[in-house]
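What follows is each chain in one-letter form.
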Amino acid sequence: MLKEIYFLHMKTLAYYILLCLILLSFESKSQDLIFYNNTKDTIKCKIIKDKIEFVEYTLPNDSNTYKIYQEQYDYYIQSNKNVTNQELITNVNNSSSLETPKISNMPKIGFGLGMGIDYGGVIGLKLSTPISYVSLFAGLGYNLIEAGFNIGIIARPFPKKLFTPTVTGMYGYNAVIIIRGAESYNQTYYGASIGAGIELRSSQLKNFFSLGILIPFRSQNFENDLIALKNNPAIVFNQEPSDALLSLGYHFVLK
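Residues numbered from 1 in each chain as written. Predicted model: local features only at pLDDT ≥ 70, side-chain atom pairs only at ≥ 80, totals over all residues. Heavy atoms only, no water.

Some points on the overall build of the chain
Turning to step 1, where the next piece is worked out: Counting secondary structure elements, the chain contains 3 helices and 15 strands.
Turning to step 2, where the next piece is worked out: Here the chain holds 255 residues, and the buried ones make up 45% of them.
Turning to step 3, where the next piece is worked out: Partitioning the intrachain contacts of the chain with sequence separation of at least 6 by distance along the chain shows that 57% fall at a separation of at least 24.
Turning to step 4, where the next piece is worked out: Accessible surface, the chain as shown: approximately 13,300 Å² in total, 61% of it carbon and sulfur. (Helix = DSSP H or I, 4+ residues; strand = E, 2+ residues; numbered from the N terminus. Buried < 20%, exposed > 50% of the residue type's maximum accessible area, 1.4 Å probe, protein only. Contact = heavy atoms within 4.5 Å. Areas by Shrake-Rupley, 256 points an atom, 1.4 Å probe, with all protein chains shown as cover.)

Encoded structure:
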């Protein structure tokens, strides 16, 4: 009896392109955001200045200028440029006060639910900290055979933008062989993987979507087993393993 072999991989590039278009539509409507200390409410605005004691901003369809003081908000993100503290540094250098300027803090920790090897499989959980320029993360999920895991690092060149590019490096599960009708051949393989992607924050919440493409460096054991299975007349391949894997998730930002 012939057995069929399956690989967990990205189905088509068309899905990726469609998801990019959907998520980019959120970015086209984005505004600057100031997050209150209560972690729930936000101000959708245009940030004008970041002073030591407060941030100045304007509201849509309103020519007035408003202020929010450091003790009232957690942090802010800007949709069209990086947050800079150059003006803060200049003000301090020109001031006789020795008080250290306060800057907006980035979130300390977050977790995401999603699919992809960085989430551990077809569905999983990824914990990362801090949500800043560089984050450490750990992913744990189900890969259709058993629990899969990955640990790694995420780099964000512009962490305070609503549209944030990311670069990822990690080690852990990056391939699985599943043979229907001959489960003794099923196996999970581990190795290094790299990738790139985007994070898209909504105009209402700190939470964000994550979308990426990951390139696995599969182990020699995987390659050897693959060749052996291809030479096995009882095994039928219905697809080849993909060189690029999709990662997709939604992340909740905690304090």
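So, the sheet that holds strand E2 (residues 32-36)
Turning to step 1, where the next piece is worked out: Strand order in the open sheet formed by 5 strands is E5-E4-E3-E2-E6, with antiparallel pairing between adjacent strands. Pairing within the sheet leaves two strands with one partner each, and these edge strands are strand E5 (65-69) and strand E6 (73-77). Going from strand to strand, the sheet's axes swing by 45° on average, the running direction of each strand aside.
Turning to step 2, where the next piece is worked out: Bridging between strand E3 (residues 42-50) and strand E4 (residues 54-58) involves 4 bridges; their strand directions are antiparallel. (Pairing = 2+ DSSP bridges. Axes fitted to C-alpha atoms, helices over the stretch in contact; angles between N-to-C directions.)

So, the environment of leucine 113
Turning to step 1, where the next piece is worked out: Position of leucine 113 relative to the elements: it lies in strand E7 (residues 109-116).
Turning to step 2, where the next piece is worked out: It is 4.8 Å that separates the C-alpha atoms of leucine 113 and leucine 125, two residues lying 12 residues apart in sequence.

What to know about the pattern of salt bridges
Turning to step 1, where the next piece is worked out: For the coordinates displayed, the defined rule picks out 3 salt bridges.
Turning to step 2, where the next piece is worked out: The partner of glutamate 199 in a salt bridge is arginine 156, and the shortest N-O contact between them spans 2.9 Å. Of this pair, glutamate 199 sits in strand E12 (residues 187-201) while arginine 156 is found in the loop between strand E10 (147-155) and strand E11 (163-180), placing the two residues 43 residues apart along the sequence. The pair glutamate 199 / arginine 156 is uniform in exposure class, with both members buried. (Salt bridge = Lys/Arg side-chain N within 4 Å of Asp/Glu carboxyl O.)

Brief notes about the pairing of E5
Turning to step 1, where the next piece is worked out: Here E4 runs beside E5; their pairing, made up of 5 bridges, is antiparallel. Looking at E5, one finds that tyrosine 57 is bridged to tyrosine 66.
Turning to step 2, where the next piece is worked out: Between E4 and E5, which follow one another and run antiparallel, lie 6 residues, and asparagine 61 among them has a positive phi close to 60°.

Considering the confidence of the model for the chain
Turning to step 1, where the next piece is worked out: Here the chain shows a mean pLDDT of 76. Residues at 70 or above account for 73%.
Turning to step 2, where the next piece is worked out: In this model, residues 25-29 is a region of pLDDT below 50 whose contacts with residues beyond four sequence positions or in other chains number 4 contacts.
Turning to step 3, where the next piece is worked out: Across residues 81-104 the pLDDT falls below 50, and counting only partners more than four positions away or on other chains, this stretch makes 30 contacts in the model. (pLDDT = per-residue confidence, 0-100.)

Re the packing of aromatic side chains
Turning to step 1, where the next piece is worked out: This structure, assessed with the given rule, holds 7 aromatic pairs.
Turning to step 2, where the next piece is worked out: Between phenylalanine 209 and tyrosine 250 the ring centres are 4.9 Å apart and the planes differ by 65°, which places this aromatic pair in the edge-to-face class. With a gap of 41 residues between them, phenylalanine 209 in strand E13 (residues 208-217) and tyrosine 250 in strand E15 (residues 245-254) connect regions that are remote in the sequence.
Turning to step 3, where the next piece is worked out: Of the residues examined, tyrosine 250 reaches a relative accessible area of 23% and is grouped as partly exposed.
Turning to step 4, where the next piece is worked out: What links up through ring pairs into an aromatic cluster is the set Phe111, Phe209, Tyr250 and Phe252.
Turning to step 5, where the next piece is worked out: Sitting over the face of the ring of phenylalanine 54, lysine 67 holds its NZ or CZ atom 4.5 Å from the ring centroid.
Turning to step 6, where the next piece is worked out: One Lys or Arg, arginine 201, reaches over the ring of phenylalanine 208 and ends 4.4 Å from the middle of that ring. (Phe/Tyr/Trp six-rings, centres within 6.5 Å; stacked < 30°, edge-to-face > 60°. Lys NZ or Arg CZ within 6 Å of the ring centre and 35° of its normal.)

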